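The lines below spell out each chain.
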Amino acid sequence: MKSRMGAFAHVASRTMAAVAAATLLASSAWAADPIKIGFSMAQSGPLAGSGKSALLAMKIWAEDENAKGGLLGRPVKLIYYDDQSNPANVPPIYTKLIDVDKVDLIVSGYATPIIAAALPIAMQHDMVLMGLFGLANNAKLKYDKYFGVAPIGEDPIAGVAAPFFGAADTLNPKPATVAVITPDIQFGHAVLEGVRGAAKTRGLKVVYDRTFPPSMTDFSTLVREVQAAHPDLVMIGTQPGQTINVARAIAEVGLDARLIGGGMTGLQTTDTETILGPQINGLVNFAYWLPAPKLQFPGSMAFVSKYQARAKGEGVDPIGYYVAPFAYADLQMLSEAVEATKSLEGDKLAEYLHKHTLHTIVGDVDYGPGGEWAKPRQFLIQFQNVKSKDPSQFMGTDHLVVVAPPDLKSGDLVTPFSKARP
Amino acid sequence: MPPFDLLANAIVAGLLLGGFYAGVAAGATISFGLLDIANIAHPAFVVFGAYAAFVLSAQFQIDPLVSALVVVPSFYVAGLLVYQIYHWAFERRGDDPMRGLAFFFGLMFVGEVLLILMFGVDYRYTSANYAATTLKLGKIALPLRQLIPFLGAGAILVAAQLFLRRTFLGRAILGVAQDHTAIRLMGANPVRLKRIAFGVSLALAGAAGVLLLILEPVEPSIGRDFIGRVFAIAVLGGMGSLPGTWIAAVLLGVIENLTSIFAGASWAPAVSFGFLLLTLAVRPSGLFGR
């Protein structure tokens, strides 16, 4: 009997030990459940150049975060799908991320049309949405949990033209006329509105403001139309493929003005810069970040080194001054809110993001009530003395001269445009 | 009234671009118009041709124009293979043509993904110096990157037209297009003839791809921009008429540029496709269709 009791006790103690071990394992497994961050990102189609660059930056952030012990003591896992640069693919992707993948947090893919398609889904689920490089996405919706990740400021329509007109204001004598080259899409209309507003404020006459269809590839006739209008300023707001073709048409037609460029998306990426080579000289363009001394913040250069070491192997933009630091900062801000609030709830995260200064590799960020940066920090660069198609020329700031605003200036604006041409 | 040099340059630019689009549409005219194969992937094959020329140019320093000597025969062989698969999987069984369309859609997307995996999404371009040179004829500008594709596309169309009209094989292909059964009764193998014709169609796509690389930098999804235009040209030209294809393409090019001057570039596609609809209302078989 004693031995039977002993055997029972032995079995019972082993069972209890097994149950305890299982409970422990289960609880440690729960503790190790990752925090899932979901998003769509262009890996194909016209936005893929920047989309791939952004994705690499986000992967680097996740690795850095996990190396530090994760978020709220849990590892971070990125779940993403290729939106093919097509806004129509975005709603089903976010629905899947939220309903099937059960992500805890979402951020947007790259650029205005993609954010526009993701925003209603975020609103429907009352989730915070960080919008990467969107232009005026929240201007009409006024969603209190939207946070733009681009230093455009609370008036994005005015912000899009601000660096260009900031430089135009320094010209002597004052310019009198302006022409706009921009596509017939949401982005283009924002550019158009921004230019018209800036022109009105300064008493400039808009001498050409016809939009073009986004599929257009030959711009020689359009550039000649602009040339025939003899503008002092030519503001160009284009998307990557269009940027190359417009810049080539300018060179072939021989367009001249006192200032040309301003909003040419794509001129920030190495492939576009090298395709144009010396044809890029004289063009001015907006920029958000460069490794200029006044723009180096804690962690920014370490990130760029890490990014550049991996970029070539992963077949993405090898220099990565444009979207990559902001894609990293995008997740930095979200994670700062999560850590500070110890929460994944939209309300708490949004409140924190609105009320606190956020610390990122692109500098400190404060959000305004509209979900855009309270203080804009765009600047204008001019391509100068580019001699060849060697990509190394676009590293650093020797050929990418910051010409406005005055507090960030690294060199003088060369004007008229033809004076900066080879 | 716009200045004379603006109008003249617009017409010349429309001619140059339209001429190039005729080269892009030539292969589609053969597959769509003569063979009744809705090869929606044709513009994607043009992009593959551009990447083939890019690889030969970047790896072996072969000028894109010279690379056509390798690209065109390779694409002819690829065309034979693609047609064989299409015939075996769809045409032979008399399946709904929509399934064949899905096959070519699939080819287009798979091809695009393969290009992304192999080359990434960056723009690829030719480093040939002439691509940045512009000739001047008085006030008329002739950028070589547009003039060469215009002339090359013209050569493509002339060669294809001579092949179809002057060779025994070409006339047999035209015979298949007219009456499949009659050709079979005459002892010819229509499947073989269609295979050869499809090979020619893809060879033309390869040649157009070489010209595309000279015209502008390419990225894997750029073919999507051409789909509507290519098939509009094939239909407007008369479904199977190569001279009609050239005239339709040039007309669309010039109309678009003049629309840009008089009404704004945003109106250009609407005016072009309006012209297409109007033409089809008057001549349902297209400008040169029978």
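Residues numbered from 1 in each chain as written. Chains lettered and ligands numbered in written order. Predicted model: local features only at pLDDT ≥ 70, side-chain atom pairs only at ≥ 80, totals over all residues.

1. Comments concerning the overall build of chain B
- When you go through chain B residue by residue, the secondary structure sums to eleven helices and two strands.
- Counting from the amino terminus, helix and strand elements in chain B follow one another as α-α-α-α-β-β-α-α-α-α-α-α-α.
- In summary, chain B has a C-alpha radius of gyration of 19 Å against a globular reference of 19 Å for 290 residues, a match within 12%.
- Projected onto its principal axes, the C-alpha positions of chain B cover 60 × 50 × 35 Å.
- The buried share of chain B, reckoned over its 290 residues, is 52%. (Helix = DSSP H or I, 4+ residues; strand = E, 2+ residues; numbered from the N terminus. Rg over C-alpha atoms; globule rule 2.2 N^0.38 Å. Buried ≥ 20, exposed ≤ 12 C-beta atoms within 10 Å, placed from the backbone.)

2. Some remarks on the overall build of chain A
- The helix and strand tally for chain A stands at twelve helices and 15 strands.
- In terms of overall dimensions, chain A has C-alpha extents of about 110 × 40 × 40 Å along its principal axes.
- Going through the 422 residues of chain A one by one, you find that 55% of them count as buried.
- The long-range share in chain A, meaning contacts at least 24 apart out of those at least 6 apart in sequence, stands at 70%. (Contact = placed C-beta atoms within 7 Å.)

3. What to know about the interface of chain A and chain B
- The interface is formed by 29 residues belonging to chain A together with 30 residues belonging to chain B.
- Residue contributions to the side of chain A that touches chain B peak at six residues, all from helix H7 (residues 220–228) of chain A.
- The residue makeup of the side of chain A that touches chain B, split by class, is ten nonpolar, eleven polar and eight charged. (Nonpolar A, V, L, I, M, F, W, Y, C, P; charged D, E, K, R; others polar.)

4. So, the domain arrangement of chain A
All names here are of chain A.
- Looking at chain A, the domain boundaries give domain 1 (35–151 + 296–365) and domain 2 (156–287 + 384–420).
- Between domain 1 and domain 2, the C-alpha centre-to-centre distance is 28 Å.
- Where the side of domain 1 that touches domain 2 is concerned, the elements lending two or more residues are helix H2 (48–67) and helix H4 (112–124).
- Considering every element that reaches the side of domain 1 that touches domain 2, the biggest residue donor is H4, with three residues. (Domains from an automatic or database assignment.)

5. Brief notes about unusual backbone geometry
All names here are of chain A.
- A cis amide bond, omega 0°, links Asn 172 with the succeeding residue Pro 173.
- The step from Ala 404 to Pro 405 runs through a cis peptide bond, and the omega angle for that step is 0°.
- Assignment of secondary structure puts Pro 405 in the segment after strand S15 (400–404).
- You will see that Leu 72, though not glycine, has its phi angle at about 50°, which is positive.
- The backbone of Ser 85 shows a phi angle near 65°, a positive value even though the residue is not glycine.
- With respect to the secondary-structure elements, Ser 85 resides in the loop between strand S2 (76–82) and helix H3 (90–99).

6. Some details on the sheet that holds S2 of chain A
Residue and element names in this part refer to chain A.
- Strand order in the open sheet formed by five strands is S2-S1-S3-S4-S5, with parallel pairing between adjacent strands. Looking at strand neighbours, the two that pair on one side only are S2 and strand S5 (146–149), the edges of this open sheet. Looking at each pair of strands side by side, their axes are set apart by 20° on average, direction ignored.
- Taken together, the four bridges between strand S4 (residues 129–132) and S5 define a ladder with parallel strand orientation. Residue pairing in the sheet places Gly 131 in a bridge with Gly 148 of S5.
- Its contacts with the sheet put H3 on strand S1 (35–41), S2 and strand S3 (105–110), and the angle it makes with S1 is roughly 170°.
- Its contacts with the sheet put H4 on S1, S3, S4 and S5, and the angle it makes with S3 is roughly 160°. (Pairing = 2+ DSSP bridges. Axes fitted to C-alpha atoms, helices over the stretch in contact; angles between N-to-C directions.)

7. Brief notes about the pairing of S2 of chain A
Residue and element names in this part refer to chain A.
- Direction of pairing for S1 relative to S2: parallel, over a ladder of seven bridges. In the strand pairing of S2, Ile 37 is matched with Leu 78.
- Handedness of the crossover joining S1 and S2 through H2: right-handed. (Right-handed = clockwise from strand over helix to strand, strands pointing away.)

8. Some remarks on helix H8 (residues 240–253) of chain A
Residue and element names in this part refer to chain A.
- Helix length check: H8 (14 residues) gives 20 Å between terminal C-alpha atoms against 20 Å at 1.5 Å per residue, within 8%.
- Here H8 lies mainly inside the structure; 13 of its 14 residues are buried.
- The positive-phi residue at the C-terminal boundary of H8 is Gly 254, with phi of around 85°. (Expected span 1.5 Å × (residues − 1).)

9. Section: the packing of helix H5 (residues 144–166) of chain B against helix H6 (residues 168–178) of chain B
All names here are of chain B.
- Where H5 contacts H6, the axes come no closer than 5 Å and their chain directions differ by 80°. Between H5 and H6, the angle is such that the two are roughly perpendicular. When H5 is examined against H6, the residues Phe 163, Leu 164, Arg 165 and Arg 166 are found in contact with a partner set consisting of Gly 170, Ile 173 and Leu 174.
- In terms of residue class, the contact of H5 with H6 is built from four nonpolar, one polar and two charged. (Parallel < 35°, antiparallel > 145°, perpendicular 65-115°, else oblique.)

10. Here's the deal with H3 of chain A
Residues and elements named next belong to chain A.
- Along H3, the residues that are buried comprise Val 90, Ile 93, Tyr 94 and Leu 97. The buried residues of H3 occupy an angular sector of 90° when the element is viewed end-on, so they sit on one face.
- Where the residues of H3 are buried, they touch S1, S2, S3 and H4. (Arc of directions from axis to C-beta.)

11. Some points on the environment of Gln 146 of chain B
All names here are of chain B.
- Within the secondary structure, Gln 146 sits in helix H5.
- Since 25 C-beta atoms lie within 10 Å of it, Gln 146 is described here as buried.
- Once the C-alpha coordinates of Gln 146 and Thr 134 are considered, the two residues, twelve residues apart in sequence, prove to be 9.2 Å apart.
- Setting aside residues no more than four positions away along its own chain, Gln 146 makes contact with Leu 16, Leu 17 and Leu 215.

12. Topic: the confidence of the model for chain A
- Overall, the predicted model of chain A reaches an average pLDDT of 90, with 92% of residues at or above 70.
- Under a pLDDT of 50 for its full length, residues 1–8 of chain A has, in the predicted model, zero contacts with residues more than four places off or in other chains. (pLDDT = per-residue confidence, 0-100.)

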